[in-house]
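Fold and contact review
Okay, here's what each chain looks like letter by letter:
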Amino acid sequence: MTTILKGVLVSAPSLGELEIHAPGYLVLEDGVVSEVLDVLPQRYAGVFVEDFGNRLISQSFTDLHLHAPQYPMLGTGLDLPLLDWLNAYAFPTEARFADEDYAREMYCKLASELIRNGTTRVCMFSSLHRKATLILMEELEKAGLTGFVGKVNMDRNGGKNLQETTEESMQETLRWLEECQDFPHIKPVLTPRFTPSCSDELMAFLGKLAVERGLPVQSHLSENTAELELVRQLHPDCAQYWETYAKYGLWTEQTAMAHCVWSDERERAAMRKAGVTAVHCADSNLNLCSGVSPVRALLNEGVKVALGSDVAGGDTLSMFDVVASTIRASKARRILDDWKTDFLTSAEGWYLGTSAGAAFFGAKPGFAIGEPLHALVLDDGALPPLSTPEERLSRFITRRQDGAVRAVWSDGRRVL
Ligand code: GUN
Ligand code: FE
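What comes next is a walk through the structure. The shown structure was predicted, so the numbers you read here are calculated from the model rather than taken from an experiment. (Residues numbered from 1 in each chain as written. Chains lettered and ligands numbered in written order. Predicted model: local features only at pLDDT ≥ 70, side-chain atom pairs only at ≥ 80, totals over all residues. Heavy atoms only, no water.)

Some details on the overall build of the protein
Each helix and strand counted, the protein has 14 helices and 17 strands in total. Overall, the C-alpha framework of the protein stretches about 65 × 50 × 35 Å when taken along its three principal axes. Each of the 416 residues in the protein was classed as buried or not, and the buried ones make up 59%. Looking at the protein alone, contacts between residues at least 24 apart form 74% of all its contacts between residues at least 6 apart. Here the protein displays about 16200 Å² of accessible surface, and carbon together with sulfur accounts for 51% of that area. Considering the protein, the positive charge centre built from 40 side chains and the negative charge centre built from 56 side chains are found 2 Å apart. (Helix = DSSP H or I, 4+ residues; strand = E, 2+ residues; numbered from the N terminus. Buried < 20%, exposed > 50% of the residue type's maximum accessible area, 1.4 Å probe, protein only. Contact = heavy atoms within 4.5 Å. Areas by Shrake-Rupley, 256 points an atom, 1.4 Å probe, with all protein chains shown as cover. Lys, Arg positive; Asp, Glu negative; His and termini not counted. Charge placed at Lys NZ, Arg CZ, Asp CG, Glu CD.)

As structure tokens, then:
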């Protein structure tokens, strides 16, 4: 079936570049973009055009790193550094997801909040609980999201009621992989929580599984200096943190590593070579006093970079806010670098929050022909008019506008 959307089209085909059609037409065949046009040709006469007037039609967001079972603590407990914060707040909160009714209630709310905020693709940590992870996948699927969810593996250094034995972790992972096969839009990602949480035996098992089944991998890397020290003690054989993943086969172009705040030139070169995606989580990095990531250096050196809210180290689900903090953090980085590095522009921030994240799922950037539509309709009609779509996009990032997201498409389906 052919559908045509009309509005001010704004997309990010490459870093720093916006493609604007003001107005333009998005032609969809069964939800898949078939044409992007400035003028509608005669052959579409008679096809209904859904006209969004002066509103922006932009790409929707990808949140490439967040912790679903930390959603209940969103906006609280941000007064400790990473390792203490995990023990004091994150682990006890996640332990509650042994309760399936609680999981259902929380994950249903989380899924609809993501869609209302314009996020349609996610790469998400669940908790170690197999059943709650299946519930999460079900609720995301129901709300219309797409992407990856991982049952967390953690067989050491966990909290009270939040640790598995190595054997349990392996068996539950295999069972979960069996049980989640039929979700059409939500797929599994292997999720060793981070090196301090996983024994060598467990890491080796997951690395083997990733290769055997061609599964993607997500974890944390070089977030905090105390964490780096702990990893050094646990793996005296590894010169750098990344090698603790690489030695078990968990370091490939299907790997997403959150944070990379303290990744130096050597670690960044290893990311570029392997095609690992660095998931920058600006909110979380400041909230937990982890540091200010060298995003410009990562980009200049050719590392793949995307964005994550890192809920609940991050304090917002809104990727508008995450893009804004990303830009702000890049300005802090510039100051710390003696004004020698460039900060990110709005167009660059928008690209990182949309196209760059979508690339992890194999999607082409921008409103690419042949891709199922992931899009938002954005309304700023109540605010003073601005003269260009670029300025309006920049204001959507910087100025919080409740209710601005008026419609959402995910994988070609209208979901809001
Ligand atoms: N490292 C290991 N687990 C976590 C987590 O839950 N949040 C963050 N920010 N870092 C982590
Ligand atoms: Fe995280």
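A closer look at the sheet that holds strand β14 (residues 304-307)
The strand order across the open sheet built from four strands is β11-β12-β13-β14, with neighbouring strands paired in parallel fashion. Strand pairing shows two members of the sheet lacking a second neighbour, β11 (217-221) and β14, which therefore form its edges. Going from strand to strand, the sheet's axes swing by 30° on average, the running direction of each strand aside. Pairing between strand β12 (residues 255-259) and strand β13 (residues 277-280): three bridges, direction parallel. For M257, the partnering residue across the bridge sits in β13 and is A278. Against the sheet, helix α11 (residues 319-336) makes contact with β13 and β14, and its axis sits at roughly 130° relative to β14, the strand it touches most. (Pairing = 2+ DSSP bridges. Axes fitted to C-alpha atoms, helices over the stretch in contact; angles between N-to-C directions.)

Examining helix α8 (residues 265-274)
Those residues of α8 that sit buried are E267, R268, A270 and M271. Down the axis of α8, the buried side of the element spans an arc of 155°, and every buried residue falls inside it. With respect to the buried face of α8, the exposed residues turned more than 90 degrees away are E265 and K273. Where α8 is buried, its residues contact β11, α7 (241-246), β12, β13 and α10 (295-300). Positioned one or two residues after α8, G275 has a phi angle of 80°, which is positive. (Arc of directions from axis to C-beta.)

What about the site of ligand 1?
What surrounds ligand 1 is the set H67, Q70, L82, W85, L86, R193, F194, H220, E223, H259, S284 and D310. In the model, an oxygen atom of ligand 1 is placed 2.8 Å from a nitrogen or oxygen of the Q70 side chain. Within the contact set of ligand 1, a nitrogen atom lies 2.7 Å away from a side-chain nitrogen or oxygen of E223. Coverage of ligand 1 by the protein amounts to 100% of the 280 Å² it exposes when considered alone. If you tally residues by element for the shell around ligand 1, the top one is helix α1 (residues 82-95), at three residues. In terms of residue class, the shell around ligand 1 is made up of four nonpolar, five polar and three charged. (Near = heavy atom within 4 Å. Polar contact = N/O pair within 3.5 Å; in protein donor to acceptor, adjacent residues only side chain to side chain. Nonpolar A, V, L, I, M, F, W, Y, C, P; charged D, E, K, R; others polar.)

Some remarks on helix α3 (residues 130-143)
Look at α3: 20 Å from first C-alpha to last across 14 residues, which is about the 20 Å you get at 1.5 Å a residue. Here α3 lies mainly inside the structure; 10 of its 14 residues are buried. Of the surrounding secondary structure, the elements contacted by the buried residues of α3 are α2 (100-116), β6 (119-125), β7 (146-150), α4 (166-179) and β9 (186-188). Taken from the residues just after α3, G144 is the one with a positive phi, measuring 100°. (Expected span 1.5 Å × (residues − 1).)

Notes on the sheet that holds strand β2 (residues 17-29)
Taken together, seven strands build an open sheet; the order of strands is β3-β2-β1-β4-β15-β16-β17 and the sheet is mixed. What marks the edges here is a single partner per strand, and that holds for β3 (32-37) and β17 (413-414). Strands in contact with helix α14 (residues 389-398) are β1 (2-14), β2, β4 (49-59) and β15 (375-378); relative to β4, the strand with the most contacts, it is inclined by about 65°.

Re the coordination of the iron ion (ligand 2)
Taken together, the protein donors to the iron ion (ligand 2) comprise H65 (NE2), H67 (NE2), H220 (NE2) and D310 (OD), at separations of 2.0 to 2.3 Å. Every donor counted, the four donor atoms about the iron ion (ligand 2) form angles of 85 to 175° at the centre, which fits irregular coordination. Mapped onto the sequence, the donors of the iron ion (ligand 2) take the spacing H-x1-H-x152-H-x89-D. Here the two residues H65 and H67 agree in accessibility, since each one is buried. (Donors = N, O, S within 2.8 Å, 3.2 Å for Na, K, Ca; no water. Tetrahedral: all angles 85-135°; square planar, octahedral: opposite > 155°, others 65-115°.)

Quick look at the nonpolar core
Grouped together as the largest cluster of nonpolar side chains are 109 residues, with contacts concentrated most on Y107, M124, L140 and M271. Setting aside chain neighbours within four positions, we find Y107 in contact with A68, P69, F97, S126, A132, I135, L136 and E139. (Core = buried A, V, L, I, M, F, W, Y, C linked by side-chain atoms within 4.5 Å.)

Brief notes about the pattern of salt bridges
A full pass over the atoms with the stated rule returns 23 salt bridges. A salt bridge links E105 to K109; its shortest N-O distance comes to 3.5 Å. Residue E105 and its partner K109 are located together in helix α2, separated by four residues, close to a single helical turn. Between E348 and R296 there is a salt bridge; the shortest N-O distance is 2.8 Å. Remark: R296 occurs in helix α10 and E348 occurs in helix α12 (residues 346-353); sequence separation between them is 52 residues. Side by side, E348 and R296 carry an identical accessibility label, which is buried. Linked through salt bridges whose partners overlap, the residues forming this network are R104, E138, E139 and K142. (Salt bridge = Lys/Arg side-chain N within 4 Å of Asp/Glu carboxyl O.)

Here we look at the packing of α2 against α3
Axis separation between α2 and α3 bottoms out at 9 Å; the angle between their running directions is 30°. Here α2 runs over α3; the crossing is right-handed. In contact with E100, A103, R104, Y107, C108, L110, A111, S112, L114 and I115 of α2, α3 contributes K131, A132, I135, L136, E138, E139, L140, K142 and A143. When the residues that make up the contact of α2 with α3 are grouped by side-chain class, the tally is 12 nonpolar, one polar and six charged. (Left-handed = near helix turned anticlockwise from the far one by under 90°.)

Examining the environment of H235
By the element assignment, H235 lies in the loop between α6 (225-234) and α7. For the pair H235 and T341, spaced 106 residues apart in sequence, the C-alpha separation works out to 33 Å. Once residues lying within four places of it in the same chain are set aside, the contact partners of H235 are R156, T195, D200, T244, K247 and Y248.

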